[in-house]
Amino acid sequence: MTINNDPMRDAIVDTAVELAARTSWEAVRLYDIVAELAISLDEIRLYFREKDELIDAWFDRADSRMLKEAESAGFLDLAASERIHHLIMTWLDALAVQRKVTRQMIMSKLEFGHIHIQIPAVLRVSRTVQWVREAAQRDATFMRRALEESTLTTIYLMTFFFWMRDASENSRHTRQFLKSHLTMAAWLGQKIYGRDPEKGAVPHRRQIPLQFD
């Protein structure tokens with residue numbers, strides 16, 4: 001397990017992103033980072049086995065920011081759709097400072113023929129979606145859980161790709177886009193499963209299935 005609180009690890013990621021902002025993610029080389037930080041390639045190897053792992057580290061930061069936000073006061077008082085909306089937008093906001101670089105990172109993972117990169121990328125998406133579900137305290141099981149995961153993954157990916165091209169202030173259009181799709185998911189969930197009663201075992205926590213109030 002990697003603990004993301006090492007100053008050198010953070011410096012390597014920061015430098016890679018800064019270099020990409022000056023040129024492009026495609027143009028960044030590990031030896032460029034070595035020159036900027038006055039370290040060796042072997043020191044980088046201690047933290048990252050290849051350049052692509054820097055992308056995972058960049059997204060890990062967004063995961064961390066999102067999970068910390070889930071601990072904020074009043075979060076569990078939100079309706080299910082509001083929790084998920086808040087979590088996904090927090091994740092995107094963590095990347096917004098380098099939106100162009102983030103887009104280039106994603107495009108590099110989608111290059112034709114890079115199956116060895118694309119399969120881990122799919123797993124990376126699944127991992128973030130699972131963290132969203134955990135942070136929002138989703139507790140569906142079996143087929144209902146599978147449907148919720150598929151729906152949430154689709155919405156997450158659609159929103160992510162929409163956000164990458166969103167030039168509106170504070171990603172306003174993305175926020176509206178996400179809200180509309182979560183609302184549609186709520187409506188479909190109620191049509192399929194109906195509305196479950198509240199589970200009152202835990203005070204001040206709303207355990208709500210797929211439908212988003």
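Residues numbered from 1 in each chain as written. Predicted model: local features only at pLDDT ≥ 70, side-chain atom pairs only at ≥ 80, totals over all residues. Heavy atoms only, no water.

A.B. asks: Summarise the overall build of the protein chain; cite the residues concerned and give the values.
C.D. replies: Across its full length, the protein chain holds nine helices and zero strands. Along the protein chain, helices (α) and strands (β) appear in the sequence α-α-α-α-α-α-α-α-α when read from the amino end. Sequence-distant contacts in the protein chain: of pairs separated by 6 or more residues, those separated by 24 or more amount to 68%. (Helix = DSSP H or I, 4+ residues; strand = E, 2+ residues; numbered from the N terminus. Contact = heavy atoms within 4.5 Å.)

A.B. asks: Go over the pattern of salt bridges, please, and point to the residues and values.
C.D. replies: Tallying each qualifying case throughout the model produces 14 salt bridges. Residues R133 and E148 are paired through a salt bridge, measuring 3.4 Å at the closest nitrogen-oxygen approach. Residue R133 is located in helix 7 (residues 115–135), and its partner E148 is located in helix 8 (residues 142–164); the two are separated by 15 residues in the primary sequence. The pair formed by R133 and E148 is uniform in burial state, with each residue classed as buried. Put simply, E148 and R138 hold a salt bridge, and the shortest N to O gap is 2.9 Å. Taken as a pair, E148 in helix 8 and R138 in the loop between helix 7 and helix 8 lie far apart in primary sequence, 10 residues in all. (Salt bridge = Lys/Arg side-chain N within 4 Å of Asp/Glu carboxyl O. Buried < 20%, exposed > 50% of the residue type's maximum accessible area, 1.4 Å probe, protein only.)

A.B. asks: Lay out helix 4 (residues 52–69) with the relevant residues and their values.
C.D. replies: Here helix 4 spans 27 Å end to end across 18 residues, near enough to the 26 Å set by a 1.5 Å rise per residue. Among the residues of helix 4, those classed as buried are D52, E53, L54, I55, A57, W58, F59, D60, A62, D63 and M66. (Expected span 1.5 Å × (residues − 1).)

A.B. asks: So what about the environment of L92? Which residues, and what values?
C.D. replies: Locating L92 in the fold gives a position in helix 5 (residues 80–95). Between the alpha carbons of L92 and M164 there is a distance of 9.3 Å; along the sequence they are 72 residues apart. Not counting residues within four places of it along the chain, the set of residues in contact with L92 comprises T159, F160, W163 and T174.

A.B. asks: Requested: an account of the packing of helix 5 against helix 8, with residues and values cited.
C.D. replies: Contact pair helix 5 / helix 8: the axes reach a minimum separation of 11 Å and the direction vectors enclose 35°. Note that helix 5 runs across helix 8; the crossing there is right-handed. Taken together, the residues of helix 8 that come into contact with helix 5 (itself represented by I84, I88, W91, L92 and L95) are L152, Y156, T159, F160 and W163. (Axes fitted to C-alpha atoms, helices over the stretch in contact; angles between N-to-C directions. Left-handed = near helix turned anticlockwise from the far one by under 90°.)

A.B. asks: With reference to specific residues and values, describe the confidence of the model for the protein chain.
C.D. replies: Residues with a pLDDT of 70 or more make up 85% of the protein chain, whose mean pLDDT is 88. Below a pLDDT of 50 lies the segment residues 197–213, which in the model reaches 50 contacts outside its immediate sequence neighbourhood of four places, other chains included. (pLDDT = per-residue confidence, 0-100.)

A.B. asks: Explain the nonpolar core residue by residue, including any values.
C.D. replies: If you look at the biggest cluster of nonpolar residues, it comprises 48 residues, and the most contacted ones within it are W25, W91 and F160. Within the residue set of this core, elements represented by two or more residues are helix 1 (7–22), helix 2 (30–37), helix 4, helix 5, helix 6 (99–109), helix 7, helix 8 and helix 9 (172–193). Excluding residues within four positions of it along the chain, F160 makes contact with F59, W91, L92, L95, T102 and I106. (Core = buried A, V, L, I, M, F, W, Y, C linked by side-chain atoms within 4.5 Å.)

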